[in-house]
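If you want the building blocks of each chain, they are given just below.
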Amino acid sequence: MTPVAPRLQQDRYLLPDVARGLAILAMLIAHAGPIMVDQPAATAFLQGQLNDMASPLFATTMGAAAAIVLAKAGRSPANVRMVIVQNVIRGAILVLLGLFLATWGSWIAIVLSFLGIVLAIGTPLVLLGTRALIAVLAAVLIFGAPLNELILAATGPLITGGERTPASFLLEWLFLSPHYRVTNLLPWFLFGALLFRIRFGGRRAGWILLAIAVPAWWLGPLWRGTTGEEFSPSGSYLDTLHDAGLVLGVLGVIILLASLRGQRIASVVHAVFLPFEAIGSISLSLYVFQVAVVAWMADNGISFGTTDPVAWIVLVIGVPIVGILWWRFVGKGPIEWLIGVLSGRYRPRRASPVKASSAP
């Protein structure tokens, strides 16, 4: 029977957990930014880069996780259908959870509803052959940005106040949100599945990712410097290239570090990776926890646009420490466990019946 605690699961892949941990830490730093307005330009720049990296990196790890689960299910059509149904249910739960978290009064733009739709749509696509999967990824990358603009032009600015309809929510999630869109997150999900097909590469794959990342990241500043354009809209080609530079750079570094040999070096890399692996394996629970912490701060006078170093430390350092302690002493995150139970992936343990004593 597979242990429930992630730290006891010997078949877990290192890269998705570490990358997911980096993504959730990047989210924490970005979400703590509004309460640290007075900061040096250098740290504000770094905060912006982490904010841009977080959601596409998280979507990449979701795609890798979907590919891993499908691979473990084997070729049995019944098992494959079961995984697809489970991920559709999990996606629906993430959508509802995202809507629920949005009512808590935090200043965070909740990403869970977008990721839930990506999970439901993307899981069946992971079953495609490698060439077909690359073709779908390329098609979404090419047509996603103009499609977003076309839908925006056809519908006008999204009405976020007053009564909302399911259609308005769906349009927002798919094309119109100023923060996230399914059209921009789905390619990263599919890319994560492709990474699993090469078993997260090795030294050569790491260098290739870095070789692509550097020019991709620099292309935006070079373009703006040449054309005088000051801003690249979220979801545009330049914005996607910028995200690619960040995500591929992070993944390349992780893969290269993981490929290092030698007992001492491996021990150092393991020590560096361990906290990210810990928070990455319970990232969804940690995400919900940080929304709760931010909502509590907002209710208690710690507002958007202020400078509060203590509150910043609580979010960026305190929340991950809670996650690491939970991972070490409790095990699986409570939200991961609950969604697993509701989707049928986990079965709650039943207490063994106690035999009556035959003693007089």
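For the structure itself, look to the data block above.
Residues numbered from 1 in each chain as written. Predicted model: local features only at pLDDT ≥ 70, side-chain atom pairs only at ≥ 80, totals over all residues. Heavy atoms only, no water.

### Details of the overall build of the chain
- A tally of helices and strands in the chain yields 13 helices and zero strands.
- Burial status across the chain gives 47% buried among its 360 residues.
- In the chain, 81% of the contacts between residues at least 6 apart in sequence involve partners at least 24 apart.
- Counting every atom, the chain has about 18,800 Å² of accessible surface; 69% of that belongs to carbon and sulfur. (Helix = DSSP H or I, 4+ residues; strand = E, 2+ residues; numbered from the N terminus. Buried < 20%, exposed > 50% of the residue type's maximum accessible area, 1.4 Å probe, protein only. Contact = heavy atoms within 4.5 Å. Areas by Shrake-Rupley, 256 points an atom, 1.4 Å probe, with all protein chains shown as cover.)

### Observations concerning the pattern of salt bridges
- In this structure the tally under the stated criterion is two salt bridges.
- Among the salt bridges present, the one from Asp17 reaches Arg12, with a minimum N-O distance of 2.8 Å.
- Among the residues examined, Arg12 registers a relative accessible area of 29% and is labelled partly exposed.
- For Asp17, a relative accessible area of 3% gives the class buried.
- Salt bridges here are not isolated pairs; linked through shared partners, they connect Arg12, Asp17 and Arg20. (Salt bridge = Lys/Arg side-chain N within 4 Å of Asp/Glu carboxyl O.)

### Remarks on helix α9 (residues 237–258)
- For α9, spanning 22 residues, the distance from its first C-alpha to its last is 31 Å, which sits close to the expected 32 Å at 1.5 Å a residue.
- With 17 of its 22 residues buried, α9 lies for the most part within the structure. (Expected span 1.5 Å × (residues − 1).)

### Things to note about the nonpolar core
- Judged by nonpolar contacts, the single largest core of 93 residues is most densely connected at Phe189, Leu251 and Tyr287.
- Here this core takes 13 residues from helix α2 (residues 41–73), the largest share from any one element.
- Ignoring any residue separated from it by four or fewer positions in sequence, one finds Leu251 in contact with Leu15, Ala19, Leu57, Thr60, Phe191, Leu195 and Leu209. (Core = buried A, V, L, I, M, F, W, Y, C linked by side-chain atoms within 4.5 Å.)

### Section: the packing of aromatic side chains
- Across all of its chains, the model carries nine aromatic pairs by this definition.
- Relative to Trp217, the ring of Phe45 lies with its centre 6.3 Å away and its plane at 90°, an arrangement referred to as edge-to-face. Here Phe45 is found in helix α2, whereas its partner Trp217 is found in helix α8 (residues 203–227), with 172 residues between them in sequence.
- Look at Phe45 and you get partly exposed, because its relative accessible area is 48%.
- Plain terms: the ring middles of Trp188 and Phe191 are 6.0 Å apart, the flat faces sit at 90° to each other, and that makes the pair edge-to-face. Taken as a pair, Trp188 and Phe191 lie in helix α7 (residues 182–197) at a separation of three residues, close to a single helical turn. (Phe/Tyr/Trp six-rings, centres within 6.5 Å; stacked < 30°, edge-to-face > 60°.)

### Observations concerning the side chain of Thr123
- Structurally, Thr123 is set in helix α4 (residues 112–125).
- Among the residues examined, Thr123 registers a relative accessible area of 1% and is labelled buried.
- Sequence-distant contacts of Thr123, that is, excluding residues within four places in its chain, are made with Ala66, Leu70, Ile84, Asn87, Val118 and Phe189.

### As for unusual backbone geometry
- Here Arg199, not a glycine, exhibits a phi torsion of approximately 50°, which is positive.
- Relative to the helices and strands, Arg199 resides in the loop between α7 and α8.
- At Phe200, a position not held by glycine, the phi torsion is positive, near 60°.
- Among the secondary structure elements, Phe200 is positioned in the loop between α7 and α8.
- Since its relative accessible area comes to 7%, Phe200 is described here as buried.

No statement about biological role is implied by the geometric values presented.
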